[in-house]
12 protein chains.
Amino acid sequence: MSDHVYKKIELVGSSPKSIEEAVENALERARKTIRNMRWFEVAETRGFIEDGKVDHWQVTLKVGFTLDK
Amino acid sequence: MSDHVYKKIELVGSSPKSIEEAVENALERARKTIRNMRWFEVAETRGFIEDGKVDHWQVTLKVGFTLDK
Amino acid sequence: MSDHVYKKIELVGSSPKSIEEAVENALERARKTIRNMRWFEVAETRGFIEDGKVDHWQVTLKVGFTLDK
Amino acid sequence: MSDHVYKKIELVGSSPKSIEEAVENALERARKTIRNMRWFEVAETRGFIEDGKVDHWQVTLKVGFTLDK
Amino acid sequence: MSDHVYKKIELVGSSPKSIEEAVENALERARKTIRNMRWFEVAETRGFIEDGKVDHWQVTLKVGFTLDK
Amino acid sequence: MSDHVYKKIELVGSSPKSIEEAVENALERARKTIRNMRWFEVAETRGFIEDGKVDHWQVTLKVGFTLDK
Amino acid sequence: MSDHVYKKIELVGSSPKSIEEAVENALERARKTIRNMRWFEVAETRGFIEDGKVDHWQVTLKVGFTLDK
Amino acid sequence: MSDHVYKKIELVGSSPKSIEEAVENALERARKTIRNMRWFEVAETRGFIEDGKVDHWQVTLKVGFTLDK
Amino acid sequence: MSDHVYKKIELVGSSPKSIEEAVENALERARKTIRNMRWFEVAETRGFIEDGKVDHWQVTLKVGFTLDK
Amino acid sequence: MSDHVYKKIELVGSSPKSIEEAVENALERARKTIRNMRWFEVAETRGFIEDGKVDHWQVTLKVGFTLDK
Amino acid sequence: MSDHVYKKIELVGSSPKSIEEAVENALERARKTIRNMRWFEVAETRGFIEDGKVDHWQVTLKVGFTLDK
Amino acid sequence: MSDHVYKKIELVGSSPKSIEEAVENALERARKTIRNMRWFEVAETRGFIEDGKVDHWQVTLKVGFTLDK
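For clarity, every value in this text was computed on a predicted model and none was experimentally measured.

Draft legend 1. Quick look at the interface of chain A and chain B. With 14 residues of chain A at the contact, the number on the chain B side is 13 residues. A buried area of about 1,200 Å², summed over both sides, lies between chain A and chain B, and 63% of it is on carbon and sulfur atoms. A per-residue breakdown of the area chain A buries against chain B is headed by Arg46(A), Ile49(A) and Trp57(A), which together make up 43% of the total. Taken together, the connections running from chain A to chain B amount to one salt bridge. Inspection of the chain A/chain B interface yields five residue pairs in polar contact (both at pLDDT 80 or more).

So this is what it looks like as structure tokens:
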């Protein structure tokens, strides 16, 4: 692990249900094109409101993945 | 949407169960007096402990709503 | 409460399921040696990824507890 | 000035043209209900994009005003 | 306490004498219209200078109060 | 909008004239390769000086765009 | 001093009177178990309110002390 | 450029018209006594309000200049 | 006031007694060489400890003063 | 330089030896696919520990590069 | 690794030679009493000056270690 | 030491070799005009890239020095 180089990208995922699902939804989309995702960091948690209730959560996360040599 | 003016207020909601429910509880109280709430941003997540367990979650959120013209 | 002195320590808890459970797991371990825990503040939320999915959540929290006189 | 008490509120103003106009638009709405606004601080500058161009600027500002005695 | 909703507002208090008195002066004005203030957080400490000496202190604080149900 | 996933990238645009034009210039370049740009956030405003005057403004912005499903 | 190793801990002290006394109260408790405290940094200043007045100040400080060799 | 040493100073410029002009006004004053100004960074944007309108903008900037050898 | 240019410098003042006196001591030294000091902002509050008690407070402040035309 | 547009990406480089080498290792990998890298900013410095010693340094950096017109 | 609980402590290490050695010196002292140190994060880099040269570097780091079950 | 007043200035030093040397180079230039420099704090670490390699490091530091009485 000591000679790896990682890249970090910033994604925003959404979910009507929970913060956790918003993260999972972002990863689900990202894994279609990115291999070797290793970790994420939650950078921001927001949400949109309809009729005075949470319509959906919106979580900004940074995702780190290994760059192939 | 380009000519709207919004106001943001800061609320703290509580829940014995989850971060999400603490946000919902804050919105439930706020919608009694505020119309047109549009989005929120989670600013701080804390909690209180009883007997070594989470007694309740306490989430500080900023809520943005449209000001009537 | 006005004459208490508190100490705050920083812990990292993990859970395959949720942010809330990661906090509970950190407290469960901490209460074996620390009495009088009173509150916590979530400082950082991260997670590890396996096969493009969240493997486990990792939450850094600061825990405040009363120092005995 | 040394015995004044001020309140600060957070507003978001919009403009298709400039950051400055977004601030002015927020103040224009605010002065309908708030007397004695004294200063503002720009907290965040964002914007929305249509067809690859700025559709409108959106500026979050904190506005300080004197509370009547 | 686990089912309360709080609102936080931002005030600026002044005093020629001390940081503490600037906070007290802000609260003195606020309690005329706000019931159930519970805690405050000092956000910023500044001051104005006359003839090379502190003329008055100016403290920005966030005040949390319980919203009636 | 509740099931979208967005990616955010960081760009730096320049302009001899204004902050606004520096942002527009960054977007003009970005739209050649990125579809569905939705919003931006100004992260940093700087500039270079020649002969004691602003030679050009340099604005760092984060741009969010929808990832195709 | 160039070969010392220090540890920093985080304490919260309280006082009905002043920020300074809240710090002193935290140190008074800490010196019962910690030798060689050298410096502190004020991290956060808060307070609790009763009847619209400051009931007690609460100051979070980081305290650095020399680790014995 | 690799062996230069720079000094950075903090200035506040004002303008009734725009953020850009406030920066230019600060540089205009600074170039009377400082040679070799190279870049600036906007640290804070504020303004003063008269009659509910922006009276003047006030921009805090850090200016970097080369120290003569 | 709308056409003034200010410079801000950073000072550290000390006092065995209080935060306020540490600021006053910094200003007392600064006014020997700086005219037209207008305001200050407290940036950092620290202190040194002797025998488990505060030996002296050390306050970092930014001081703004008018540049002569 | 006044009409360039730059993109900034975030990389994490590792080295058993030093912070500087961790940065060089990240750049060495990045230059295989990115042309015209111009500058970097160190965002975070961490490391992993084995047997109580630094096993390898891990440096997060933002790298800016010119976008071709 | 998904069911571990970590504690993080804050240390300050010193070295006349380099940032890296200051970190190593802090770890060397810490491993006398702490088992299972896993990672560190550099929080602050400072130094003391004698005769206009660096006398020693002083690095504040947070160290994470596994809590035994 | 309890009655000293310090001034802090911000410098940027460069070095093709290391972060440490960039700091030393800034101090070497500063000691030509400033007496009694006591400490420094690293505020920012950056670098410039040529041909995909670090051309030189650029470190922003704040330097504190005693003001003569």
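Draft legend 2. Local environment of the environment of Pro16(F). Residue and element names in this part refer to chain F. Checked against the element boundaries, proline 16 lands in the loop between β1 (6-15) and α1 (19-30). Judged by relative accessible area, which is 53%, proline 16 ranks as exposed. The sequence separation of proline 16 and aspartate 55 amounts to 39 residues, and the corresponding C-alpha distance is 5.8 Å. Those residues in contact with proline 16 that sit more than four places away from it in its chain are Glu21, Asp55, His56 and Trp57.

Draft legend 3. Structural detail: the relation of the copies chain G and chain C. With an axial shift of 0.0 Å and an RMSD of 0.0 Å, the rotation relating chain G to chain C amounts to 120°. Within this description, the copies of the chain are treated as partners about a three-fold rotation axis. By C-alpha distance to the rotation axis, the residue of chain G lying nearest is Ile9(G), at 4.5 Å.

Draft legend 4. Quick look at the side chain of Arg46(D). In this structure, Arg46(D) sits in strand β2 (residues 37-50). Not counting residues within four places of it along the chain, the set of residues in contact with Arg46(D) comprises Arg46(A), Trp57(D), Gln58(D), Trp39(F), Phe40(F) and Glu41(F).

Draft legend 5. Expanded view of the pairing of strand β3 (residues 53-66) of chain G. Residues and elements named next belong to chain G. For β3, a buried count of 12 out of 14 residues is recorded, marking the element as mostly surrounded by other parts of the structure. Of the strand pairs in this sheet, strand β2 (residues 37-50) and β3 are connected by 12 bridges, and their pairing is antiparallel. Across the sheet, glutamate 41 pairs through a bridge with lysine 62, a residue of β3. What sits between β2 and β3 in their antiparallel hairpin is a turn of two residues, with aspartate 51 showing a positive phi close to 50°.

Draft legend 6. Local environment of the pattern of salt bridges. Considering all chains together, one arrives at 72 salt bridges over all chains under this definition. As a salt-bridge pair, Lys17(H) and Glu21(H) come within 3.8 Å of each other at their nearest N and O atoms.

Draft legend 7. Structural view of the interface of chain G and chain C. Each side of the interface is counted separately: chain G has 15 residues, and chain C has 13 residues. Buried area between chain G and chain C, summed over both chains or domains, comes out near 1,100 Å², and the portion from carbon and sulfur atoms is 55%. Of all residues in chain G, the largest losses of buried area upon contact with chain C belong to Glu10(G), Val12(G) and Arg29(G), amounting jointly to 48% of the total for that side. In this assembly, chain G and chain C are joined by two salt bridges.

Draft legend 8. Region of the structure containing unusual backbone geometry. All names here are of chain I. The phi torsion at asparagine 36 lies on the positive side, around 65°, for a residue other than glycine. Checked against the element boundaries, asparagine 36 lands in the loop between α1 (19-30) and β2 (37-50). Using a relative accessible area of 39% as the deciding quantity, one classes asparagine 36 as partly exposed.

About the thresholds
Residues numbered from 1 in each chain as written. Chains lettered and ligands numbered in written order. Predicted model: local features only at pLDDT ≥ 70, side-chain atom pairs only at ≥ 80, totals over all residues. Heavy atoms only, no water. Contact = heavy atoms within 4.5 Å. Buried area = accessible area lost by both parts, 1.4 Å probe. Salt bridge = Lys/Arg side-chain N within 4 Å of Asp/Glu carboxyl O. Polar contact = N/O pair within 3.5 Å; in protein donor to acceptor, adjacent residues only side chain to side chain. Helix = DSSP H or I, 4+ residues; strand = E, 2+ residues; numbered from the N terminus. Buried < 20%, exposed > 50% of the residue type's maximum accessible area, 1.4 Å probe, protein only. Least-squares fit on C-alpha atoms with pLDDT ≥ 70 in both. Pairing = 2+ DSSP bridges.

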